[in-house]
Structure formats: C-alpha cells, structure tokens
Amino acid sequence: MSTREMIRIEKLNKSFGDLHVLKDIDMTVKESDVVVLIGASGSGKSTLLRCINFLEIKDNGKIMIQGEEIDPATHNLNDVRQNVGMVFQHFNLFPHKTVLENVIEAPVQVKKVTRNEAEEQAKVLLEKVGLEDKADEYPSRLSGGQKQRVAIARSLAMEPDIMLFDEPTSALDPELVGEVLATMKELANEGMTMVVVTHEMGFAREVADWVVYMHDGYIVETGKPIELFDHPKEERTKEFLSTIL
Ligand code: ADP
Ligand code: MG
C-alpha cells in the first residue's frame, strides 16, 4: 500500500460571515484512498470539498496537495483545480454541446491539447463510463445517470490525480444510482484517490477505506467502514447512524 500523502489538511477553519462552518479540520488522504464523508445536511461536507479544490478559500489552517502547501495568494489555483477534479450533484454539462464536445472542452481550451488528441482520449473515457455510443448526443437526450457519467468522464479528461464527488447520485432517480456508483467503484479499483460525499451507505461500506463523520463543522469520528458503522465510538455518530440506517 502506498503511503504517499495526496491531501493533508491541518487545523482548517472556514466561516461565512458569522457562521463558523469548518472547525479545526484535520484530515489526511493517502494515494488510492477512498474517503467517504458523511453527516447531516449543513454539517460542512460540501464546504470541505470546495476548500480542497479551492472553490472556497479557507480562513486559516493548512492544505497540502501531494506534499505541497497551497497558498491561494501565490499558487495558480487553476492548476490545482485541474489536478483535483470535482463532480457535483447537478451535472453542470454544457447543454448546447454534445457529449463528446463536453468532454473535450477543458483539455482543448485549458490544457491546449489538440482537438484530435482530445477526441481520441474522450472516446476512451466515454467507453470507460459505458457511453461510447452517446458521443454525438446532446445532454438533454440522456438520463440523469448517463449525464452524471458524462460529467465523470469530463472531469477525468483533465487527468486529475484526485477526484472529489459531492453527492453525485442525490439528484438521480433510484434506478439510476447503481450505474453511477459502479463507475465510481471502477475508478476506485483503478487506484484513483477519491473523497466522496454520499448518503449511499452500501457504497461506503463496500468501497471506502475510511469513513469520516462530520457534525456541525467538526470531524467527530473517522474509521474503517466496519468500525464506524458497526462499532461507532462517539455518541453523536451512534445517533446519526440510527437516523439513517
Ligand atoms: P453540507 O454539504 O454538509 O450540507 P455545507 O458545507 O453545504 O454543508 O454548508 C455548511 C453550512 O454553511 C450551512 O449552514 C450552509 O448554509 C452554510 N454555507 C455554505 N455555503 C455558504 C455560502 N457560500 N455562504 C454562506 N453560507 C454558506
Ligand atoms: Mg453538501
């Protein structure tokens, strides 16, 4: 097992005005780890993910990506974001572009990959997410599960070393959840380093290396899935699990 640190967070704090949303967060994610973040709505899960790829800027604390402390004042945050892909609950595809055009957009515009090269790579990625036959469709013609798999392919097209997922299946009809989780599981099996906010406890049990329970801006408990789900140590964790399991 690799011990290379992909993400290291120390004493991270973030407020929105008077609202203290992240409180002294410490977290380490090693290469190929899959970390599942759980917790009630409003506990700070999305804000934590957004701080990791600098869509939100921390108030204080340290964020190291692959061993390097990222200082928003001096680092090119676009470079960091290229390396830390993010998939959202709502897929945010470009509606007027085809599936293929969605996937090649960032490599061509941001990475300056040639169009041919980007298309070749996009086809490989669409095959990987099981949508090679949808390359020329527009997003409106796809199911939610297919859209989310396109969003994953689009994120992968930037060749990130880390992938963040913020409730990627929460907006999907129940029968479409499985295909997206299967794609994520495959990515995990290939060794992608992933931080996933999800309410899918089956996925967490099966795929997560670590489960992190957040409450009110704090990390209350971290453990292997079996430990955390079956033998939670903290009262708060027990209470939370009793509401969802
Ligand atoms: P979760 O993802 O666990 O539901 P969030 O990180 O989205 O939690 O939100 C944590 C808290 O921060 C909530 O009270 C939310 O209303 C607040 N919040 C999140 N983003 C903003 C923002 N941009 N401005 C003000 N408050 C915010
Ligand atoms: Mg959220």
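Everything here concerns the structure above.
Residues numbered from 1 in each chain as written. Chains lettered and ligands numbered in written order. Predicted model: local features only at pLDDT ≥ 70, side-chain atom pairs only at ≥ 80, totals over all residues. Heavy atoms only, no water.

Focus: the sheet that holds strand β9 (residues 210-215)
As a general point, the strands of a sheet are linked pairwise by backbone hydrogen bonds and lie either parallel or antiparallel.
Part 1: Across the sheet, which stays open at both edges, the six strands sit in the order β6-β7-β8-β3-β9-β10 with mixed pairing between neighbours. The sheet terminates laterally at β6 (84-87) and β10 (218-223), the two strands that pair on one side only. Put simply, the sheet's adjacent strands are angled 20° from each other on average, direction ignored.
Part 2: Sheet topology places strand β7 (residues 162-166) next to strand β8 (residues 193-197); five bridges connect them, and they run parallel. The residue of β8 that forms the bridge with Met163 is Met194. (Pairing = 2+ DSSP bridges. Helix = DSSP H or I, 4+ residues; strand = E, 2+ residues; numbered from the N terminus. Axes fitted to C-alpha atoms, helices over the stretch in contact; angles between N-to-C directions.)

Details of the packing of helix α3 (residues 99-109) against helix α4 (residues 115-128)
Part 1: Running from amino to carboxyl end, α3 crosses α4 at an angle of 125°, the nearest separation of the two axes being 9 Å. With respect to each other, α3 and α4 are oriented oblique. Read as a crossing pair, α3 and α4 show a hand that is right-handed. Facing α3, whose interface residues are Val99, Leu100, Glu101, Val103, Ile104, Pro107 and Val108, α4 presents Arg115, Ala118, Glu119, Gln121, Ala122, Lys123, Leu125 and Leu126.
Part 2: Each residue belonging to the contact of α3 with α4 can be placed in one class, and the counts come to 10 nonpolar, one polar and four charged. (Parallel < 35°, antiparallel > 145°, perpendicular 65-115°, else oblique. Left-handed = near helix turned anticlockwise from the far one by under 90°. Contact = heavy atoms within 4.5 Å. Nonpolar A, V, L, I, M, F, W, Y, C, P; charged D, E, K, R; others polar.)

Let's talk about the environment of Ile25
Part 1: On the secondary structure map, Ile25 appears in strand β2 (residues 19-30).
Part 2: In this structure Ile25 comes out as buried when scored by relative accessible area, which is 0%.
Part 3: Residues Ile25 and Val220, spaced 195 residues apart in sequence, show a C-alpha to C-alpha distance of 9.9 Å.
Part 4: Setting aside residues no more than four positions away along its own chain, Ile25 makes contact with Ile9, Glu10, Lys11, Leu12, Leu48, Met214, Gly217, Tyr218 and Ile219. (Buried < 20%, exposed > 50% of the residue type's maximum accessible area, 1.4 Å probe, protein only.)

Comments concerning the site of ligand 1
Part 1: The full set of residues close to ligand 1 is Phe16, Leu19, Val21, Ala40, Ser41, Gly42, Ser43, Gly44, Lys45, Ser46 and Thr47.
Part 2: Here Gly42 contributes a backbone N or O atom positioned 2.7 Å from an oxygen atom of ligand 1.
Part 3: A distance of 2.8 Å is found between an oxygen atom of ligand 1 and a side-chain nitrogen or oxygen belonging to Lys45.
Part 4: Protein coverage of the free-state accessible area of ligand 1, which is 560 Å², stands at 59%. (Near = heavy atom within 4 Å. Polar contact = N/O pair within 3.5 Å; in protein donor to acceptor, adjacent residues only side chain to side chain. Areas by Shrake-Rupley, 256 points an atom, 1.4 Å probe, with all protein chains shown as cover.)

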